[in-house]
2 protein chains.
Amino acid sequence: MRVAVDLFNRQGYDATSVGDVARELGLTKSAIYHHVPSKEHLLQSAVDEALDALTAALDAVSATAGLDAEQRLRAAVRSSVTVLVDHLPAVTLLLRVHGNTPVEKAALARRRGIDQRLADMVREAVDDGVLRDDLDPLVISRLLFGMVNSLVEWVRPGTDAAPLTDAVVALAFDGLTHGAHSPGRRPSNQAGSGSGRGTPR
Amino acid sequence: MRVAVDLFNRQGYDATSVGDVARELGLTKSAIYHHVPSKEHLLQSAVDEALDALTAALDAVSATAGLDAEQRLRAAVRSSVTVLVDHLPAVTLLLRVHGNTPVEKAALARRRGIDQRLADMVREAVDDGVLRDDLDPLVISRLLFGMVNSLVEWVRPGTDAAPLTDAVVALAFDGLTHGAHSPGRRPSNQAGSGSGRGTPR
DNA sequence: GTCTATACGCGGATAGAC
DNA sequence: GTCTATCCGCGTATAGAC
């Protein structure tokens, strides 16, 4: 499973043959088919892992008492990033499914359900007046979780999710101009170059 | 070309056969091969269109005199969205290339060059002190353009790029809390209202 | 559990008639 | 320019020996 999904993500599902998986494991195709009924079964297992984890994370957010709409949205974003990092191969594969087969169509259907729940959370936060209302909530939702999902393009397995989560939430909610995001007071002015940070790559 | 690239984007490049393209056109495979040397040539033409357009857009930003680092970054974001919408099928295909063949590897190499230029712009804007410096510029760049690139997942051909561009820039630079971006102040009493929302729908 | 051997279809690509 | 016919390799999947 692990080897297969990694190959699917590196080369694409359709471009990866069962022979590729076998070779990577030092086995033959037949050995694979002794343990797995079909190539597509591997795909299904992986996308189900991703969908189950995402659904559970959203359920947990919904079940948490005492959160207002903005807190729920922030929790949903944090959870999404955590699940994405924690189940990186599975989520990566899920996000690349096209819907060519019934299995893929079912995965896309479940995914649309999740996207819908996230979009609802955004809308509720906007309706609550805690978020800017000059943008379409649906557009906000798509951009926000498009940013989250784009993490699969560059995050490496084993990355610590916490700082990443902080960065995503900070950027999404406060933007990249320095405004009210620093602790305590509003910054008055930051003008002038060379603020002495040499952040390496 | 148009039909082929659309199919590539709907089904995936590897999952789309030349026969699929032919059928969609009401022709046979042979008719396709009379006009095109190979399936991969179709891919190359499309990704080249995307890469050329993106490169030209960045060149135009770089060539514009009198812009500071932040203005250049904003222009780069706007240009990227515009190119993405304007060349939606080609850019979509580009963003899904895996690097399995020499053609794809070359496309990825060019794309990395573009990503590098965008990352440099972000870093320059941060170094200039106009953007928040509590986040790694490289992370900012990846999240920012990950958000931009995620547009290919849901933008439809023929969409007007202008409002989309505004939304992306607004969200990216100002975030989704209402802060200093809109004239007039928002209601201030949201703090303790707790469960004061009757969820619509 | 893994192997060799194999069935069988579909994929990209070509030859040559019209 | 488009067709029919065809080549050939590789893909998924299975049978059956060890």
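Note that the structure is a prediction, hence the values are computed from the model and not measured.

The rules behind these values
For every chain, the first residue of the written sequence is number 1, and numbering continues from 1 onward in sequence order. Think of it this way: whatever chain is written first is A, whatever ligand is written first is 1, and the rest follow in order. Given that this is a predicted model, residues contribute local features only at a pLDDT of at least 70 and side-chain atom pairs are listed and counted only at 80 or more, while totals for whole chains, interfaces and linings are drawn from all residues. Heavy atoms throughout the structure, all of them, feed into the side-chain values; hydrogens and water do not. Each copy is superposed on the other by least squares, with the fit set by C-alpha atoms of residues at a pLDDT of at least 70 in both. By definition, residues are in contact when any of their heavy atoms lie within 4.5 Å. For helices, the fitted line uses only the C-alpha atoms of the stretch in contact; every axis is such a line through C-alpha atoms, and the angle between N-to-C directions lies from 0 to 180 degrees. Every helix listed is a DSSP run of H or I at least four residues long, and every strand listed is a run of E at least two residues long, numbered separately from the N terminus. Our angle categories are set so that under 35 degrees counts as roughly parallel, over 145 as roughly antiparallel, 65 to 115 as roughly perpendicular, and the remainder as oblique. Note: crossing handedness is left-handed where the near helix turns anticlockwise from the far helix by less than a right angle, and right-handed where it turns clockwise. Each residue gets one label: Ala, Val, Leu, Ile, Met, Phe, Trp, Tyr, Cys and Pro are nonpolar, Asp, Glu, Lys and Arg are charged, and the others, such as Gly, are polar. Of the two site types, the cavity is a set of points on a 1 Å grid over the protein atoms alone where a 1.4 Å probe fits but cannot get out, and the pocket is an open set with protein on both sides within 12 Å along at least five of seven lines, each lined by residues with an atom within 4 Å of a point. Grid points are joined across faces, edges and corners, and a volume is the space filled by probe spheres set on the points. UniProt positions are given in the numbering used here, feature names are shortened, and annotations may be inferred rather than shown by experiment. Buried surface area refers to the total accessible area, computed with a probe of radius 1.4 Å, that the two partners give up upon joining, counted for both partners together. By salt bridge we mean one thing: a side-chain nitrogen of Lys or Arg within 4 Å of a carboxyl oxygen of Asp or Glu. Any pair of nitrogen or oxygen atoms within 3.5 Å is treated as a polar contact; in protein, a donor-acceptor pairing is required on top of that, and neighbouring residues in sequence qualify only through side-chain atoms on both sides. What makes a residue near a molecule or strand is one non-hydrogen atom of that residue sitting within 4 Å of it. Centres within 6.5 Å are what make two rings of Phe, Tyr or Trp a pair, Trp counting through its six-membered ring; a difference in plane orientation under 30 degrees is then read as stacked, over 60 as edge-to-face, and the rest as tilted. Each residue gets one of three labels from its accessible area relative to the maximum for its type: buried under 20%, exposed over 50%, partly exposed in between, using a 1.4 Å probe on protein chains only. Cation placement over rings: the criterion is NZ of Lys or CZ of Arg within 6 Å of the ring centroid and within 35° of the ring normal.

Student: Help me understand the relation of the copies chain B and chain A in this model?
Tutor: Note on the chain copies: they are related by a rotation about an axis and a translation along it. Mapping chain B onto chain A is achieved by rotating through 180° and translating by 0.0 Å along the same axis, at an RMSD of 0.0 Å. Here the symmetry operator amounts to a two-fold rotation axis. A share of 90% of the interface residues of chain B reappears at the interface of chain A, consistent with the copies meeting face to face through the same patch.

Student: Sorry if this is basic, but what is going on with the packing of helix α5 (residues 69-86) of chain A against helix α7 (residues 102-127) of chain A here?
Tutor: Each pair of packed helices can be summarised by the angle the axes make with each other and by the distance between the axes. Residue and element names in this part refer to chain A. In the contact formed by α5 and α7, the axes pass within 8 Å of each other and the chain directions differ by 150°. In terms of their interaxial angle, α5 and α7 are classed as roughly antiparallel. As for how α5 packs across α7, the hand of that crossing is left-handed. Between α5, through Ala69, Glu70, Arg72, Leu73, Ala76 and Ser80, and α7, the contact on the second element is made entirely by Leu118, Met121, Val122, Glu124 and Ala125. Of the residues contributing to the contact of α5 with α7, the split by class is seven nonpolar, one polar and three charged.

Student: What exactly am I supposed to notice about empty space enclosed by the protein here?
Tutor: To find the voids left in a structure, one rolls a probe of water-molecule size over its atoms. Applying the stated criterion across every chain yields a total of five cavities of 30 Å³ or more. The space that makes up the largest cavity amounts to roughly 160 Å³. Of all elements in the fold, only α4 (39-63), α5, α6 (88-95), α7 and α8 (137-149) of chain A reach the threshold of two or more residues within the lining of the largest cavity. At four residues, α7 of chain A tops the list of elements feeding residues into the lining of the largest cavity. A breakdown of the residues in the lining of the largest cavity according to their chemical character gives 10 nonpolar, two polar and two charged. Computed from the structure, the second largest cavity encloses a volume of approximately 140 Å³. Leu54, Ile114, Asp115, Leu118 and Asn149 of chain B are the residues nearest the centre of the second largest cavity, which is lined by 13 residues in total. Of all elements in the fold, only α5 (69-86), α6 (88-95), α7 (102-127) and α8 (137-149) of chain B reach the threshold of two or more residues within the lining of the second largest cavity. Top element by residues in the lining of the second largest cavity is α7 of chain B. It accounts for four residues.

Student: Please explain the UniProt feature "DNA-binding region" (unreviewed entry) in chain A as it appears in this structure.
Tutor: Sequence positions flagged by UniProt for "DNA-binding region" (unreviewed entry) are, in local numbering, residues 17-36 of chain A. Helix and strand shares over residues 17-36 of chain A are 75% and 0% respectively, and the end C-alpha atoms of the span are 14 Å apart.

Student: Can you help me understand the interface of chain B and chain A in this one?
Tutor: It is common to report an interface's size as the accessible area lost on association of the parts. With 52 residues of chain B at the interface, the matching set in chain A holds 57 residues. Regarding the contact of chain B and chain A, the summed buried area is about 4,900 Å², with carbon and sulfur atoms giving 58% of it. Summed over the shared surface of chain B and chain A, the result is zero salt bridges. For the interface between chain B and chain A, the tally reads 17 residue pairs in polar contact (both at pLDDT 80 or more). Elements supplying a minimum of two residues to the side of chain B that touches chain A: α1 (2-11), α7, α8 and α9 (161-174) of chain B. Broken down by element, the side of chain B that touches chain A gets its largest block of residues, nine residues, from α8 of chain B. Counted by class, the side of chain B that touches chain A contains 22 nonpolar, 15 polar and 15 charged residues.

Student: Explanation requested: the protein's contact with DNA strand D in the structure shown.
Tutor: Taken together, 14 residues lie near DNA strand D, and Lys29 and Tyr33 of chain A together with Thr28, Ser30 and His35 of chain B sit nearest. Within 4 Å of the protein, atoms of DNA strand D come from sugar and phosphate in 48% of cases. Within the backbone of valine 18 of chain A, one N or O atom sits 2.9 Å away from a phosphate oxygen of DNA strand D. In the model, a base oxygen of DNA strand D is placed 3.0 Å from a nitrogen or oxygen of the serine 30 of chain A side chain. Every element with two or more residues in the surface near DNA strand D is listed here: α3 (29-35) of chain A together with α3 (29-35) of chain B. Counting residues per element, the surface near DNA strand D draws most heavily on α3 of chain B, at four residues. Class assignment for the residues of the surface near DNA strand D results in four nonpolar, eight polar and two charged.

Student: Would you mind going over the packing of helix α1 (residues 2-11) of chain A against α4 of chain A with me for this structure?
Tutor: Residues and elements named next belong to chain A. Here α1 crosses α4 at 90°, and the two axes come no closer than 10 Å. Compared by their axis directions, α1 and α4 come out roughly perpendicular. Judged by residue contacts, Ala4, Val5 and Phe8 of α1 engage Lys39, Leu42, Leu43 and Ala46 from α4. Grouping the constituent residues of the contact of α1 with α4 by class yields six nonpolar, no polar and one charged.

Student: Whenever I open this one, the packing of aromatic side chains confuses me. Can you help?
Tutor: We describe a pair of aromatic rings using the distance from one ring centre to the other and the angle between the two ring planes. In the structure shown here, the tally under the stated rule is two aromatic pairs over all chains. Residues phenylalanine 8 of chain A and tyrosine 13 of chain A carry aromatic rings whose centres are separated by 4.9 Å and whose planes lie at 75° to one another, so their mutual orientation is edge-to-face. Of the residues examined, tyrosine 13 of chain A reaches a relative accessible area of 15% and is grouped as buried. Stacked on the ring of tyrosine 13 of chain B, the Lys or Arg lysine 39 of chain B has its end atom at 4.4 Å from the ring centre.

Student: Would you mind going over the side chain of threonine 92 of chain A with me for this structure?
Tutor: Residue and element names in this part refer to chain A. Examined against the element boundaries, threonine 92 turns out to sit in helix α6. Exposure remark for threonine 92: the relative accessible area of 5% places this residue in the buried category. Of the polar contacts made by the side chain of threonine 92, one reaches the backbone oxygen of leucine 88; its length is 2.6 Å. With sequence-adjacent residues up to four places away left out, threonine 92 is seen in contact with Asn9 and Val152.

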